[in-house]
Amino acid sequence: MSSQATNTDVVAIGSMRNTPLQSDVRRSPLRSSACEEVFHIELILHEIFKYLDRVGEPLPKRNLLNAALVNKQFLKPALDVLWSDMHSLAPFCHFLHCETTTIEGAKKIIMVNNLLNSPTFWKYAKRLRSLTLGKSNGPDDIPTLSLVRLAGLQTPAGSPIFPALRSVFFTYNHVPQTMAIYAVLALTSPITRLEFTALEVETASFTTTLAFFSTQFSDSLVHLKLAFPVELRRFTMESLHFLTGFHALHSLTLSSAYSRFPIFDHRLMDWILNLRSLEVLEIDVHVEPTRSDSETIHHKHAASARLRTLRLGGPLNFVRLVLPMFDPCGVQITKLTLAPIGGVFTDSDPILAHVRSTFPNVLNSFELLYG
């Protein structure tokens, strides 16, 4: 970027700051460059550092830390991004005053000062926006969780330890016990997004975690994603019936490669169809519907008056069977994607004529994807 600000640069920056910047520059004896002006706008710096966080692999955190050390203007926005998405709570524990001791051969953690007297901890805890839990972080998990749990006991009733935490992502192929404990620590945080993106095993801790979120965040969770990518791994209603506790979803993504995934179980399908606030729905399954499945969903229709985006993926007969259930939403849907597997829809297939007649507002955005 040139060191001299053009009139266009000045006007654009001035509009973002909502100030008469062009006039100010003309009156100033030392005209600032566009770069200098940008670096005074914290919102722009924040977006730059968010980009750096995404592309800075393999050490994005180190790059952000280096940026924070450049000058005072970089410090706050760089730290905001640096601490916004964490893979563990362990770094926060460095701000807690505690001691470790051994009692009867067991290692114990003792809080030295009350959490309310730890301003540094709160300064960083309030920056946490999302928690991404992947593979176990090693032997320090349990001491870390124990320490944060102790800290939680010292906060006033109803006060979250992490007041801005809104998203929790489980990216490991199962949910071990330590990750389930992490979920409990988010109890009073304003969680609105929950994702399980690579589940392979239906563990008891996954069931417990799903039950916990469906109980504690039934009316506040608005984004939910569950992905079961392994073909021979079964997931049953033993755990999935807890999904019916989520009532306020705006976005739901559900995908499974298991050929007997219980998508047509009346509890699961009825729950999906009765999500009245749903705006985005994506279902990708490998289930070939049976005659019994057809009877189960006969005359059932979606109730959402807000659905705008719909994606259905699966065998041809699955798509043919499920799409008509969204006919009442046809006029309001503006983006429709059909992703059949195991075959193709010919130009004369009734399902394509059905799309043209029932979903008139998707004709310019309709996608037909073949896997």
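In case you missed it, the structure is sitting above this.
Residues numbered from 1 in each chain as written. Predicted model: local features only at pLDDT ≥ 70, side-chain atom pairs only at ≥ 80, totals over all residues. Heavy atoms only, no water.

So what exactly am I meant to see when it comes to the packing of aromatic side chains here?
Under the counting rule described, the total for this entry stands at 14 aromatic pairs. Both rings, one in Phe212 and one in Phe217, keep their centres 6.2 Å apart while their planes meet at 75 degrees; by these two values the pair is edge-to-face. For Phe212, a relative accessible area of 16% translates into the label buried. Overall, the relative accessible area of 3% leaves Phe217 in the buried class. Seen from their ring centres, Phe228 and Phe261 are 5.6 Å apart, and the 35 degrees between their planes marks the pair as tilted. Placement of the pair is Phe228 in strand β7 (residues 223-228) and Phe261 in the loop between β8 (251-256) and α13 (266-273), with a sequence separation of 33 residues. (Phe/Tyr/Trp six-rings, centres within 6.5 Å; stacked < 30°, edge-to-face > 60°. Buried < 20%, exposed > 50% of the residue type's maximum accessible area, 1.4 Å probe, protein only. Helix = DSSP H or I, 4+ residues; strand = E, 2+ residues; numbered from the N terminus.)

Would you mind going over helix α6 (residues 72-82) with me for this structure?
Every α-helical turn comprises 3.6 residues, leaving residues that sit three or four positions apart pointing alike. Turning to α6, its buried residues number three or more, namely Phe74, Pro77, Ala78, Leu79, Asp80, Val81 and Leu82. Its side-chain oxygen placed 3.1 Å from the backbone nitrogen of Gln73, Asn71 serves as the N-cap of α6. (Polar contact = N/O pair within 3.5 Å; in protein donor to acceptor, adjacent residues only side chain to side chain.)

Sorry if this is basic, but what is going on with helix α11 (residues 204-216) here?
Taking 1.5 Å as the rise per residue, α11 with 13 residues should run 18 Å; its terminal C-alpha atoms sit 18 Å apart, in good agreement. Within α11, burial applies to Ser205, Phe206, Thr207, Thr209, Leu210, Ala211, Phe212, Phe213 and Ser214. (Expected span 1.5 Å × (residues − 1).)

How should the environment of Phe92 be read in this particular structure?
As for its position among the elements, Phe92 is in helix α7 (residues 90-93). Along the backbone, Phe92 and Ala125 are 33 residues apart, and their C-alpha atoms lie at a distance of 7.0 Å. Excluding residues that lie within four positions of it along the chain, Phe92 makes contacts with Trp83, Met86, Phe121, Tyr124, Ala125, Leu128 and Phe162. (Contact = heavy atoms within 4.5 Å.)

Please explain unusual backbone geometry as it appears in this structure.
For residues that are not glycine, phi is negative in most cases, and the peptide bond is trans in most cases. Look at His299: it is not a glycine, yet its phi comes out positive at around 65 degrees. Examined against the element boundaries, His299 turns out to sit in the loop between α14 (291-296) and β10 (309-315). Accessibility expressed as a relative area gives 66% for His299, which makes it exposed.

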